[in-house]
Amino acid sequence: MKPKGDRVLTGTQFLDGDQACCEGALAAGANFAAGYPISPSTEIVERFASRIPAVGGVFLQMEDELAASIAIVGATWGGAKAFTVTSGPGFSLMMEHIGYASMTETPCVFVDVQRGGPSTGLPTLPGQADMMQARWGSHGDYEIIALSPNSPQECFDLAIDAFNLAEQYRTPVMFMMDESVGHMTEKVVIPPANEIKVLPRRYTRLPPVEYRPFRPSPEGIPEMVKAGEGYRFHMTGLTHDERGYPAMDWQVQDKLVRRLVGKIRDHAADIVRCEEKHTFDAEIVVVAYGITSRVALKAVEMAREEGIRAGLLRPVVVWPFPEKRIRELAGRMKSLVVVEMNYGQLFYEVERAAGGRVPTSLVSHGGGAVHEPETILAEIRRAAQ
Amino acid sequence: MSEAIGVQPVNPVEPFLRTERMPHIWCPGCGIGTTVNCFARALVSSKLPLDKVAVVSGIGCTGRVAGYVRLDSFHTTHGRAIPFATGLKLANPELTVVVYSGDGDLIAIGGNHFIHAARRNADIKVICVNNFIYGMTGGQVAPTTPTAALATTTPYGAFERPFNLPFLAESSGAVYVARWTAYHVRHIAHSMSEAFKKKGLCFIEIIAPCPTLYQRRNHFGDGLEAMRYYKQKSVVRNGANTRDVQIDLQGEIVVGKFVDIERPTLKQAMDLQLRQKLDLPPSNGGGSHELD
């Protein structure tokens, strides 16, 4: 089969989430991917490997996830738009380079199609237990952006957003899928290329003598360069000053890491995104994301049929966390119910944001299957009493 | 004296260094600075456009080289300079990409990447300063430490067999393999300039003294004493079978250019395969030209 040479497959497609994620990356301008095979994510790079030669770009299967996750950082500094794709065990191996990409402010995307864990866990079955790892899995302090699609359509749409956010904030972005979303096949509408907003890399216009690779703009985000342009710049994972030179003192550390954290936290209002269903009059709000949000919505609708005023809040962007919205809802709710495929990760964030103003409960699931709507409904009923 | 005649003497290597970062961190008698001097001279003699040269280092004493050279330079994570360089080179094929790091970084924690980069013949130049020890962390045993040598984590002597790096490089697929000691400065510079001009994975091992942590603990004297050892015990044997160049504790060091062959690089092989199968124009199949 000769692959199509179109970067954007405009039209109505029938794709699974993994395939749609690949198409989203292509539509966002990704021209470099490095990966290592791991279920249930591999279909993304298989499709990329098939599609990219005709489109113009590179896929390289690396020797492990450490290599894949740093090859994309190298490719980014060579001028590529780059991403890597993995699942739990591979995500664990990539942690060092998520920290390195954060520290060096390298715009790139890490896709994690979550499966059951810990360790090898459930290689072919869904999980949502890497959410805290996505946030702070690498050592040291940093803030991250993470998105959570709940359909193949969103795997396409949000993959583009992930690349754009990476460029806008010069940061690695986590794309937190799960096995169910990755392997479910649905209609995916891909718009014409000229209707897709792709944020170009913000390359500096300053001459080399004036450019400082880590001097922030007023918004806290430095401009980029790439290798080979005469800037002769330096970059290191060590604590560094605006020139990128190592500086081993607490003042430079404070200035740098405060900015790395601040450039996400200070823009949280712009980054945070939630979808809400039936929250306008709800007294019970269910908080769920990814595949779980779809089951949760079913449970909310079942509750409404019983006369319980339930609603759904779905963080589309999970990190930064929509704590302001949760706080608002907590002020006028009877109860918050968190549903996730782990034993409490976002739950603790919801609880913190609610600040004890409303009871907050968790409907946990270890992964391997999605929740039953009845299980969630039972908790909604209990919370409504 | 220079002030008296109004001219500040400039070391010819200085324009290649980030002089504002001097003094460097390396100990007196360390061999790494010597290799950087050779590197600068090789850049001059090879007439490479310096804006198109990138240096990638890992972690460790030699890993600090990236921070001192006035080039696009990347100080990456421990062991991962090679896959970083692989990505950088594929994304920007016009760069000459040099990986400059130590034996622990490249061969222990980064060993898997090393053999795979050689296997795929990634077009990167790997300069490995081998001082037989982990310097930055205080003198621990390395996969290059000669058997019976003392290290902080082998206080009764190393008992493992060290890697023979040229043999490892050749058998993994490197197209250019040379070894010199820090005594052989002209040979080093010559090998480096040969490697800069050659396509594919070139590997240059440079045996260098670590007076602080290797020589002293093993009672091998200072940096100067190491130079005497290299001078007396090195044997130039160009074209030697890499199987036969294992280094023993204070034994003979076979140096020379061992391998210089032609083989398609990773990108050449990738492009060729894709063009054959997909009937693509030559400009496709790699690089980031679309974003340029």
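Here the structure is a predicted model, which means the values were calculated and not measured. (Residues numbered from 1 in each chain as written. Chains lettered and ligands numbered in written order. Predicted model: local features only at pLDDT ≥ 70, side-chain atom pairs only at ≥ 80, totals over all residues. Heavy atoms only, no water.)

**A word on the interface of chain B and chain A**
Consideration 1: Taken residue by residue, the interface counts 45 residues in chain B and 49 residues in chain A.
Consideration 2: Where chain B packs against chain A, one counts 2 salt bridges.
Consideration 3: Among the salt bridges present, the one from R232(A) reaches D51(B), with a minimum N-O distance of 2.8 Å.
Consideration 4: Summed over the shared surface of chain B and chain A, the number is 25 residue pairs in polar contact (both at pLDDT 80 or more). (Contact = heavy atoms within 4.5 Å. Salt bridge = Lys/Arg side-chain N within 4 Å of Asp/Glu carboxyl O. Polar contact = N/O pair within 3.5 Å; in protein donor to acceptor, adjacent residues only side chain to side chain.)

**A short note on the side chain of D178(A)**
All names here are of chain A.
Consideration 1: Within the element layout of this structure, D178 appears in strand β8 (residues 172-178).
Consideration 2: Buried charge D178 goes without a salt bridge, the closest partner of opposite sign being R294 at 8.8 Å.
Consideration 3: A distance of 3.1 Å separates a polar atom in the side chain of D178 from the backbone nitrogen of S180.
Consideration 4: Engagement of the side chain of D178 in a polar contact is seen with the backbone nitrogen of V181, the distance being 2.9 Å.
Consideration 5: Not counting chain neighbours up to four residues away, the residues in contact with D178 comprise V113, Q114, G127, Q128, G290 and I291. (Helix = DSSP H or I, 4+ residues; strand = E, 2+ residues; numbered from the N terminus. Buried < 20%, exposed > 50% of the residue type's maximum accessible area, 1.4 Å probe, protein only. Lys, Arg positive; Asp, Glu negative; His and termini not counted.)

**Points about the packing of aromatic side chains**
Residues and elements named next belong to chain B.
Consideration 1: Using the criterion set out here, one finds 16 aromatic pairs over all chains in the structure.
Consideration 2: Residues W26 and Y68 carry aromatic rings whose centres are separated by 5.0 Å and whose planes lie at 75 degrees to one another, so their mutual orientation is edge-to-face. Here Y68 lies in helix α3 (residues 65-68) and W26 lies in the loop between α1 (2-5) and α2 (32-46), a separation of 42 residues in the sequence. The two residues W26 and Y68 agree in class, both being buried.
Consideration 3: Between F132 and Y214, the aromatic rings sit 5.4 Å apart at their centres with planes inclined by 50 degrees, giving tilted as the arrangement. In this pair, F132 is assigned in the loop between β4 (124-130) and β5 (133-134) and Y214 in helix α9 (residues 211-215), connecting sequence segments 82 residues apart. (Phe/Tyr/Trp six-rings, centres within 6.5 Å; stacked < 30°, edge-to-face > 60°.)

**Considerations on the domain arrangement of chain A**
All names here are of chain A.
Consideration 1: Domains assigned within chain A are domain 1 (11-195) and domain 2 (274-384).
Consideration 2: Here the C-alpha centroids of domain 1 and domain 2 sit 26 Å apart.
Consideration 3: In this complex, domain 1 contributes 26 residues to the contact, which on the side of domain 2 involves 23 residues.
Consideration 4: Taking both partners together, domain 1 and domain 2 bury about 2,000 Å²; carbon and sulfur atoms supply 54% of that area.
Consideration 5: Across the contact surface, domain 1 and domain 2 share 3 salt bridges.
Consideration 6: A salt bridge links E154 to R314; the shortest N-O distance between them is 2.6 Å.
Consideration 7: Between domain 1 and domain 2 we count 19 residue pairs in polar contact (both at pLDDT 80 or more) in total.
Consideration 8: When its residues are assigned to classes, the side of domain 1 that touches domain 2 shows 15 nonpolar, 6 polar and 5 charged. (Domains from an automatic or database assignment. Buried area = accessible area lost by both parts, 1.4 Å probe. Nonpolar A, V, L, I, M, F, W, Y, C, P; charged D, E, K, R; others polar.)

**Some remarks on the layout of surface pockets**
Residues and elements named next belong to chain A.
Consideration 1: Estimated volume of the largest pocket: approximately 470 Å³.
Consideration 2: Taken together, 25 residues line the largest pocket, and the ones lying closest to its centre are G99, M103, H139, G237 and L238.
Consideration 3: Elements with a contribution of two residues or more to the lining of the largest pocket: α4 (88-103) and α8 (250-265).
Consideration 4: With 5 residues, the single largest contributor to the lining of the largest pocket is α4.
Consideration 5: Residues of the lining of the largest pocket, tallied by class, amount to 8 nonpolar, 14 polar and 3 charged. (1 Å grid on protein atoms, 1.4 Å probe; cavity = no way out; pocket = protein on both sides within 12 Å on 5 of 7 lines; lining within 4 Å. Points joined across faces, edges and corners; volume = space filled by probe spheres on them.)

**Observations regarding the sheet that holds strand β2 (residues 72-75) of chain B**
Consideration 1: Pairing within the open sheet is mixed, and its 9 strands lie in the order β10(A)-β2(B)-β1(B)-β3(B)-β4(B)-β8(B)-β7(B)-β10(B)-β9(B). At either margin of the open sheet sits one strand with a lone partner, and together these are β10 (234-236) of chain A together with β9 (234-236) of chain B. Each strand axis lies, on average, 20 degrees off the axis of its neighbour in the sheet, ignoring direction.
Consideration 2: Pairing between β4(B) and strand β8 (residues 202-207) of chain B: 6 bridges, direction parallel. Looking at the pairing, V126(B) lines up with F203(B) of β8(B).
Consideration 3: Along the sheet face, α2(B) touches β1 (53-57), β3 (96-102), β4 and β8 of chain B and points at about 170 degrees away from the line of β3(B). (Pairing = 2+ DSSP bridges. Axes fitted to C-alpha atoms, helices over the stretch in contact; angles between N-to-C directions.)

**What about the pattern of salt bridges?**
Consideration 1: Counting across every chain of the model gives 40 salt bridges over all chains.
Consideration 2: Close ionic contact of E63(A) with R120(B) constitutes a salt bridge, the shortest N to O distance being 2.9 Å. Taken together, the residues span two chains, with E63(A) in the loop between β3 (58-61) and α3 (65-77) and R120(B) in helix α6 (residues 111-120).
Consideration 3: The exposure class of E63(A) is buried, given its relative accessible area of 10%.
Consideration 4: Under the relative-accessibility criterion, R120(B) is labelled buried at 10%.
Consideration 5: Because the salt bridges share partners, they merge into one network encompassing R135(A), E323(A), R327(A), E349(A) and R352(A).

**Considering helix α10 (residues 290-305) of chain A**
Residue and element names in this part refer to chain A.
Consideration 1: Here α10 is 16 residues long and its end C-alpha atoms lie 24 Å apart, about the 22 Å a rise of 1.5 Å per residue gives.
Consideration 2: Among the residues of α10, G290, I291, T292, S293, V295, A296, L297, A299, V300, M302 and A303 are the ones counted as buried.
Consideration 3: Two residues or fewer after α10 comes G307, characterised by a positive phi angle close to 90 degrees. (Expected span 1.5 Å × (residues − 1).)

**Things to note about the packing of helix α11 (residues 323-330) of chain A against helix α12 (residues 346-354) of chain A**
Residue and element names in this part refer to chain A.
Consideration 1: Where α11 contacts α12, the axes come no closer than 8 Å and their chain directions differ by 55 degrees. Accordingly, the angle class assigned to the pair α11 and α12 is oblique. For α11 against α12, the interelement crossing comes out right-handed. Side by side, α11 and α12 meet where E323, I326, R327 and A330 of the first sit next to V350, R352, A353 and A354 of the second. (Parallel < 35°, antiparallel > 145°, perpendicular 65-115°, else oblique. Left-handed = near helix turned anticlockwise from the far one by under 90°.)

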